[in-house]
Amino acid sequence: ILSSGKKRRLTIIECGCDINTMIDLAKVADLGAKLFYLSGMVHGEYQKQEIHNLGRFISVMKFRPLTWQTSHPYVLADRMEELTNPEDV
């Protein structure tokens, strides 16, 4: 989580190269269907210039409520665990 102003906190979620995952994350994104491509990590860190450009874009972006988001409930889960006993199924 990072701060982009006095009243705005941002959460950045890393997404894999799976189109279904990208679509699911776009449903909960405040920026809308904006895709940022980062070339990859070097020694466990992203390229400084790419992160700088991403931060600059976010700092000037105007956040507008999305009509889909306000009319549909949603949950973003980090992981899910099935607790049902396999013998019961």
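That block above? That's the structure.
Scope of this entry: the structure provided in the associated data block. (Residues numbered from 1 in each chain as written. Predicted model: local features only at pLDDT ≥ 70, side-chain atom pairs only at ≥ 80, totals over all residues. Heavy atoms only, no water.)

The next subject is the overall build of the protein. Summing up its helical and strand segments, the protein has three helices and four strands in all. What you see in the protein, going N to C, is helices and strands ordered as β-β-α-β-β-α-α. By residue count, 8% of the 89 residues in the protein fall in the buried class. Taking the contacts inside the protein whose residues are at least 6 apart along the sequence as the reference set, 50% of them involve residues at least 24 apart. (Helix = DSSP H or I, 4+ residues; strand = E, 2+ residues; numbered from the N terminus. Buried < 20%, exposed > 50% of the residue type's maximum accessible area, 1.4 Å probe, protein only. Contact = heavy atoms within 4.5 Å.)

A separate point is unusual backbone geometry. Backbone geometry places histidine 43, a non-glycine residue, at a positive phi of 55°. With respect to the element layout, histidine 43 can be found in the loop between strand E3 (41-42) and strand E4 (45-46). Judged by relative accessible area, histidine 43 falls into the exposed class, the value being 81%.

Our focus in this paragraph is the environment of phenylalanine 63. Tracing the chain through its elements places phenylalanine 63 in the loop between helix H2 (48-60) and helix H3 (67-71). In sequence terms phenylalanine 63 and glycine 32 are 31 residues apart; their C-alpha atoms lie 8.8 Å from each other.

So, on to the state of the cysteines. Using the criterion set out here, one finds zero disulfides in the structure. The thiol of cysteine 15 is not disulfide-bonded; the next cysteine sulfur, from cysteine 17, is found 7.8 Å away. With relative accessibility at 29%, the residue cysteine 15 sits in the partly exposed group. Accessibility expressed as a relative area gives 82% for cysteine 17, which makes it exposed. (Disulfide = S-S within 2.5 Å.)

What follows covers the environment of asparagine 53. In this fold, asparagine 53 is placed in helix H2. Assessed through its relative accessible area of 39%, asparagine 53 is described here as partly exposed.

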